[in-house]
Amino acid sequence: MAMTNPVQFIQQTRAEVAKISWPTRREVMLTTVMVFLLAIVAATFFFLVDLVIRTGLTELLAAF
């Protein structure tokens, strides 16, 4: 394994960081809002599925 001296390591690290495409503030806010909205949609969906299954099982067991 080749050893890199600290100066070369810092130069290579800076070169790699310069290649990063950082998101804009607007992109971060938009994706954050999208994540919250999708979490709400998923929670609502699973709540409704749970409600239907619970109601169905309650009615089924009440028949016996």
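Quick look at the structure, then.

Each value, and the rule that gives it
Residues numbered from 1 in each chain as written. Predicted model: local features only at pLDDT ≥ 70, side-chain atom pairs only at ≥ 80, totals over all residues. Heavy atoms only, no water. Salt bridge = Lys/Arg side-chain N within 4 Å of Asp/Glu carboxyl O. Buried < 20%, exposed > 50% of the residue type's maximum accessible area, 1.4 Å probe, protein only. Helix = DSSP H or I, 4+ residues; strand = E, 2+ residues; numbered from the N terminus.

## A word on the pattern of salt bridges
Overall, the coordinates contain 2 salt bridges when judged by the stated rule. Across the salt bridge formed by lysine 19 and glutamate 16, the nearest N and O atoms sit 3.1 Å from each other. Relative accessible area serves as the criterion here: at 62%, lysine 19 is assigned to the exposed category. Taking relative accessible area as the criterion, glutamate 16 reaches 48% and is therefore assigned partly exposed. We note a salt bridge from aspartate 50 to arginine 54, for which the minimum N-O separation is 3.8 Å. In this pair, aspartate 50 and arginine 54 are both assigned in helix H2 (residues 25-62), 4 residues apart and thus about one turn of the helix distant. Classification of aspartate 50 by relative accessible area gives partly exposed; the value is 43%.

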